[in-house]
Amino acid sequence: MEDALQPAFSGCNVQVFAPVNPDFEQQVVERVNNHRASLGRPPLKRVDLLDQTARYHARDMREDDYFSHSTYDRVGGGLQLVCDFGTRVGSHYLQWNRIGENIAAGYPSPQAVMNAWLNSAGHRANIESTNYQEIGVGYDALGGAYGRYWVQNFGRRANVYPLVINNEYSRTTSPNVSVYIYGSWTQMRLRNDGGPWSAWQPFSNSFSWALNAGPGTREVCAEFTNGAQTFSACDAIFLVATSEPKLAIAPATLSFVYDLSTAQVHPQPPVSVQLSNAGNAGALSWTAGTNQPWLLISPTAGSTPGTAQVNLAQPTLPGVVGSHTGVISFSAASSSASLTVTLNVVGGLSSKVWLPITQRQ
């Protein structure tokens, strides 16, 4: 009879499958690059190969109910080592000369897991390192001892020099974007959407660029040379149609966990949200209010672009285990938007962040 505990994934192969929550994965990438930008570090380029190995490891940890950088199979109720971190990542991410990994479990949102990693010196060092140029993110839920599993894989490959648009954000409301190209070169030329090349010009790692007008996926490609060698790289971003003013909030949802056993809230508030005009380049004046006594917003009025702080009123937090929802409503003259805040009240909290790992060749 076949073992009832036979794992869904076995061996050390990277299997390609659809993400459980692509928005969560993309938010982690954007938060990583936002943090790097705050330190003056270049953005990491998101690549499928690292996404695939990170996504596989997140699912494998959930399916086989373990938590480690190494890969295990659960056989007959026990764990059997299959391969180490370097073998797993390197089997798919070829010709690497530096790789690293952060893993975490139990955290309910991209913001929560990023807070945990940034509050750990080793994980933070991976996120901030200038030794990496590329990133992949994997997320899987629900199952295993911790319910949610998160993986960041970092890397750099020989003779690969990524091009990154707008800090690797997936969307833009303006055709005017920032571009970063890795490496040290003498000249470069660029083109939009497979069109004609620009003239050769002096190389710059960071510069502004205009996409082709009109909504849709827009691609920027570059060729760069030092006289002896020439390389190329591309990146794409979705240009959102713009017309009427439209108030937008990022993120559109927030999740907190209130642990009754310790009276602690995770992630620790306040939390910043970004307000912008997603319709055009004009400024929008807005006001805000909440529908729950435990939910606070500051300031209660402002203009775009800008930020606001979401906070929780500790004395009025619900004391009943379960999920509680609050809404912050933002209003502008010609547009409105809302931010849904979920407060999960638990009797105790189980979560885990593992020691980070790096490897070089």
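Everything below is about the structure shown above.
The text that follows walks through the structure, step by step, so that each part is easy to find. Quantities reported herein were computed from a predicted structural model and do not represent experimental measurements.

Once that is clear, we can look at the state of the cysteines. Enumeration over the complete set of coordinates arrives at 2 disulfides. Between the sulfur of C12 and that of C83 lies a disulfide, 1.8 Å long from S to S. An S-S torsion of about 65° defines the bridge between C12 and C83 as right-handed. Placement of C12 in the segment before α1 (22-38) and of C83 in strand β3 (residues 78-83) is noted, with a sequence separation of 71 residues between them. Here C221 pairs with C234 through a disulfide, and the sulfurs are 2.0 Å apart. Taking the sign of the torsion about the S-S bond as the criterion, the disulfide between C221 and C234, at about 110°, is right-handed. One end of the pair, C221, is in strand β13 (residues 216-225); the other, C234, is in strand β14 (residues 230-239), and 13 residues separate them in sequence.

Relative to strand β21 (residues 301-303), strand β19 (residues 285-290) is paired through 3 bridges, and the arrangement is antiparallel. Following the sheet pairing, W286 is matched in β21 by G302. Pairing analysis gives 5 bridges linking β19 to strand β23 (residues 322-332), with the strands arranged antiparallel. Residue pairing across strands places T290 opposite I328, the latter belonging to β23.

Here we take up the pattern of salt bridges. Within the structure shown, the criterion is met by 12 salt bridges. The partner of R46 in a salt bridge is E25, with the nearest N and O atoms 3.2 Å apart. Within this pair, whereas R46 is found in strand β1 (residues 45-46), its partner E25 is found in helix α1, the two being separated by 21 residues in sequence. As far as the burial class goes, R46 and E25 line up, both buried.

Here we come to the environment of D84. Position of D84 among the secondary structure elements: in the loop between β3 and α3 (85-90). On the accessibility criterion, D84 (39% relative accessible area) is partly exposed. The sequence separation of D84 and N176 amounts to 92 residues, and the corresponding C-alpha distance is 43 Å. Side chain to side chain, D84 and T87 meet in a polar contact 2.7 Å long.

Basis of the calculations
- Residues numbered from 1 in each chain as written.
- Predicted model: local features only at pLDDT ≥ 70, side-chain atom pairs only at ≥ 80, totals over all residues.
- Heavy atoms only, no water.
- Disulfide = S-S within 2.5 Å.
- Helix = DSSP H or I, 4+ residues; strand = E, 2+ residues; numbered from the N terminus.
- Pairing = 2+ DSSP bridges.
- Salt bridge = Lys/Arg side-chain N within 4 Å of Asp/Glu carboxyl O.
- Buried < 20%, exposed > 50% of the residue type's maximum accessible area, 1.4 Å probe, protein only.
- Polar contact = N/O pair within 3.5 Å; in protein donor to acceptor, adjacent residues only side chain to side chain.

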